[in-house]
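Chain by chain, the residues:
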Amino acid sequence: MAKNLTKHAFTVSRTQRETNTGHPGKVLWFTGLSGSGKSTIANALDEVLHGRGLKTYILDGDNVRMGLNGDLGFSPKDRTENIRRIAEVAKLFADSGTIVLTAFISPYIEDRDAAREVIGDDFVEVFVDTPLDVCEDRDPKGLYKKARAGEIKGFTGIDAPYEVPEDPEFILDNRPLEFAVDTLIDYLDSENILSNIKEVKTLDKERTLSFDFDGVIHKYSRGFQGLENAYDEPMPGAFKMLTKLKDEGYVLKIMSSRPAHVIKKWLFDNSMDHLFADVSNQKFVATVYVDDRAMFFDRNSPDWEGVYSSIKSREIQRSFR
């Protein structure tokens, strides 16, 4: 490390930044063989989290090597430096209140342990445990074929080692994408990282309620089937309760990662378009956010009366402030 350096203490703290984002920073470190699904899972999770208004960012192996780490090769020494740099960048993102999803092969235990030490308690190791033969069959970039032909030297899993994590926070085996995303969402929810139902301090004058689309309004019984595919019927009880809330003067809006035109068409087809003032992919100011993983709503057993009671209790709490 260079000498004569002094770390500057800035005025805005991490706590203040996390207050702005509404959630703590975190680093989900996806590791596994090439073709295991690291980037695919990270991308799908990012879509869900971003759609719920959380501040997220993906650091992907190939993308980072095209810029920041463009001077590095794939020797053991360069791989170690690659991970060292990424760990430092991810730490900065987490300190800003961002949920970082890193997708890197990161084949060496020592390097991943070093990343954990740099990042600290924010580090969550996610081992995407897809067998080598499955990764080779997928071979999305044609790299395994080249490695087997001797055109690429030092390729992880072929002629370079991958050291399996000894004690990762998560192991995602070769299961459907939806299962992987749901598993990680459950973890984030249990760690109080997701802003599912919460009061926003900077309220506008309207009594605005934000509803997630999938799993709250849209029944979503088969899970994710593509962003353009809103395939299911309305959630039981949704129409009645949403009508009641609208009649009581609430402004209802939908916040979802799905394209707005898909949701609007679904609402029209199900005679619910008149209930909602807006459909958005961006987080907006609302009194209450209702999400299918929130403590007052379970998409497998929808409790609309619980949602209603929660909304009313929060109004009572505000009136005494």
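Our structure is the block above this text.
Residues numbered from 1 in each chain as written. Predicted model: local features only at pLDDT ≥ 70, side-chain atom pairs only at ≥ 80, totals over all residues. Heavy atoms only, no water.

A grouping of E110, D113, E117, E163, E166 and D167 is seen on the molecular surface, where their side chains present a negatively charged patch. Counting through the fold element by element, D113 comes out in helix 5 (residues 109–119). For D113, a relative accessible area of 43% corresponds to the partly exposed category. (Patch = residues over 30% accessible without salt bridge, like charges linked within 9 Å, V, L, I, M, F, W, Y side chains within 5 Å. Areas by Shrake-Rupley, 256 points an atom, 1.4 Å probe, with all protein chains shown as cover. Salt bridge = Lys/Arg side-chain N within 4 Å of Asp/Glu carboxyl O. Lys, Arg positive; Asp, Glu negative; His and termini not counted. Charge placed at Lys NZ, Arg CZ, Asp CG, Glu CD. Helix = DSSP H or I, 4+ residues; strand = E, 2+ residues; numbered from the N terminus. Buried < 20%, exposed > 50% of the residue type's maximum accessible area, 1.4 Å probe, protein only.)

With that settled, the discussion passes to the sheet that holds strand 9 (residues 288–290). Taken together, the four strands give an open sheet; going across it, the order is 8-7-6-9, and neighbouring strands pair in parallel fashion. Sheet topology places strand 8 (278–280) and strand 9 at the edges, where each strand pairs with a single neighbour. Averaged over all pairs of adjacent strands, the angle between their axes in this sheet comes to 25°, without regard to strand direction. Pairing of strand 6 (residues 208–211) with strand 9, which is carried by three bridges, proceeds in the parallel orientation. Directly across from F211, in strand 9, lies its bridge partner V290. Sitting on the sheet, helix 10 (residues 260–269) is in contact with strand 7 (251–255) and strand 8, with an inclination near 145° to strand 8. (Pairing = 2+ DSSP bridges. Axes fitted to C-alpha atoms, helices over the stretch in contact; angles between N-to-C directions. Contact = heavy atoms within 4.5 Å.)

What follows concerns the sheet that holds strand 1 (residues 26–31). Taken together, five strands build an open sheet; the order of strands is 2-3-1-4-5 and the sheet is parallel. On the outer flanks of this sheet lie strand 2 (56–60) and strand 5 (170–173), each paired with one strand and no other. Adjacent strand axes in the sheet meet at a mean angle of 20° when their direction is disregarded. Running over the sheet, helix 5 touches strand 1 and strand 4 (123–129) and is turned about 150° from strand 4. Against the sheet, helix 8 (residues 177–190) makes contact with strand 1, strand 4 and strand 5, and its axis sits at roughly 165° relative to strand 5, the strand it touches most.

Taken N-terminus to C-terminus, the directions of helix 2 (residues 38–51) and helix 8 make an angle of 55°; their axes are 10 Å apart at the nearest point. Taken together, the axis directions place helix 2 and helix 8 in an arrangement best described as oblique. As for the relative orientation of helix 2 and helix 8, their crossing is right-handed in sense. For the pair helix 2 and helix 8, contact is made by T40, I41, A44, L45, V48 and L49 and by L177, A180, V181, L184, I185 and L188, respectively. The residue inventory of the contact of helix 2 with helix 8, partitioned by class, reads 11 nonpolar, one polar and no charged. (Parallel < 35°, antiparallel > 145°, perpendicular 65-115°, else oblique. Left-handed = near helix turned anticlockwise from the far one by under 90°. Nonpolar A, V, L, I, M, F, W, Y, C, P; charged D, E, K, R; others polar.)

Below, the discussion takes up helix 10. Within helix 10 the residues assigned to the buried category are V262, I263, W266 and L267. Buried residues of helix 10 fall within an arc of 130° about the axis and therefore sit on the same side. Those residues of helix 10 that are exposed and angled more than 90 degrees off the buried face are H261, K265 and F268. Where the residues of helix 10 are buried, they touch strand 7 and strand 8. Immediately beyond the C-terminal end of helix 10, within one or two residues, lies S271, with a positive phi of roughly 55°. (Arc of directions from axis to C-beta.)

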